[in-house]
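Now for the letters of each chain:
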Amino acid sequence: MRIWVNGGLRDADDARVSVLDHGLTVGDGIFETVKTVGGRPFALTRHLGRLTRSARGLGLPAPDLDEVRRACTAVVDANPTALGRLRITYTGGLSPLGSDRGHAGPGLVVALGEAGRRPDTTAVITVPWTRNERGALAGLKTTSYAENVVALARAHEHGASEALFANTVGRLCEGTGSNVFVVLDGQLHTPPVASGCLAGITRALAVEWTGAQETDLPFDVLERAEEIFLTSTLRDVQAVHRVDDRELPGGPGPVTLKAMRIFDERAGNDLDP
């Protein structure tokens, strides 16, 4: 594996950042995960736009997007793969051992790993912890991801691939690394960004391409929704067949199947929509 670290490609064994990088010491960083298909990134322009918004929200200098694109191209070219997970990480850089940010400038790391196609359906669980829709990091894709690590581990313990959160007022929010859609009376809905969920790239495309409504939903909608599916960079559109102990129809339902078909067709026609 060849990895871009602060200005150039390095072999994996030589790809190092300082132990004083603020992204490591206090989680002061942001990231994007981009799907690559046949050596080309999908929706890279949208991902870089969100990277810039996350940097602004965290108070980091705006990333040099030309450099980020160069880094992505170099890494993809150096690591051929049919389906890949391209990770762009942008941090506060060298800093003191504390919350204060240093003056050395941000760090940039880009890496690519091989990915496999996800199953058409999956199981999810709900967790008792909440997203803070009014927090300083709400809606930002930061490296402060420990909450997600804990919740995802809980999901795996229960034979599921994802955990779903409510927000602090008991409304449906998101998964650890996905957005959630539900079907009610044949109509497709997803929580609004105001719920505290991440403005997912795949979520936005699914809303645009399917006409899904952004709706403030109670968390218990998961107990009565006719269909449920997740969206994320590597899931695309993935049906849910179980929520906690509730079994849904074994295969993707008709609304989900239509969304899957639309997404595959539209994404296949344009790699940078």
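Our subject is the structure that appears above.
Just so it is clear, the model here is predicted, and its values are computed rather than measured.

Enquirer: Give me the lowdown on the packing of aromatic side chains, citing residues and values where you can.
Expert: Taken as a whole and assessed by the stated rule, the structure comprises four aromatic pairs. Both rings, one in F31 and one in Y145, keep their centres 5.2 Å apart while their planes meet at 80 degrees; by these two values the pair is edge-to-face. Highlighted residues: F31 in strand β3 (residues 29-37) and Y145 in the loop between β7 (121-131) and α4 (146-157), separated in sequence by 114 residues. Of the residues examined, F31 reaches a relative accessible area of 4% and is grouped as buried. Taking the relative accessible area as the measure of exposure, Y145 reaches 26% and is therefore partly exposed. On the numbers, 5.3 Å between centres and 50 degrees between planes, the contact of W209 with F263 is tilted. With W209 in helix α5 (residues 201-210) and F263 in helix α6 (residues 254-269), this pair connects stretches of sequence that are 54 residues apart.

Enquirer: So what's going on with unusual backbone geometry? Residues and values would help.
Expert: The phi dihedral of A43 falls on the positive side, at around 55 degrees, and the residue is not glycine. Along the chain, A43 falls in the loop between β4 (40-41) and α2 (44-58).

Enquirer: Lay out a nonpolar patch on the surface in plain terms, naming residues and giving numbers.
Expert: Residues V19, L20, L24, L94 and L97 make up a contiguous nonpolar surface patch of roughly 530 Å² in combined accessible area. Inspection of the secondary structure assignment puts V19 in the loop between β2 (8-11) and α1 (22-25).

Enquirer: Can you explain the environment of N148? Please cite residues and give values.
Expert: With respect to the helices and strands, N148 occurs in helix α4. Among the residues examined, N148 registers a relative accessible area of 8% and is labelled buried. Put simply, N148 and P218 are 70 residues apart on the chain and 21 Å apart in space, counted from C-alpha to C-alpha. If we ignore the near neighbours within four places in the chain, the residues touching N148 are R131, F165 and T176. For N148, the side chain forms a polar contact with the side chain of R131, separated by 2.6 Å.

Calculation rules
- Residues numbered from 1 in each chain as written.
- Predicted model: local features only at pLDDT ≥ 70, side-chain atom pairs only at ≥ 80, totals over all residues.
- Heavy atoms only, no water.
- Phe/Tyr/Trp six-rings, centres within 6.5 Å; stacked < 30°, edge-to-face > 60°.
- Helix = DSSP H or I, 4+ residues; strand = E, 2+ residues; numbered from the N terminus.
- Buried < 20%, exposed > 50% of the residue type's maximum accessible area, 1.4 Å probe, protein only.
- Patch = residues over 30% accessible without salt bridge, like charges linked within 9 Å, V, L, I, M, F, W, Y side chains within 5 Å.
- Areas by Shrake-Rupley, 256 points an atom, 1.4 Å probe, with all protein chains shown as cover.
- Salt bridge = Lys/Arg side-chain N within 4 Å of Asp/Glu carboxyl O.
- Contact = heavy atoms within 4.5 Å.
- Polar contact = N/O pair within 3.5 Å; in protein donor to acceptor, adjacent residues only side chain to side chain.

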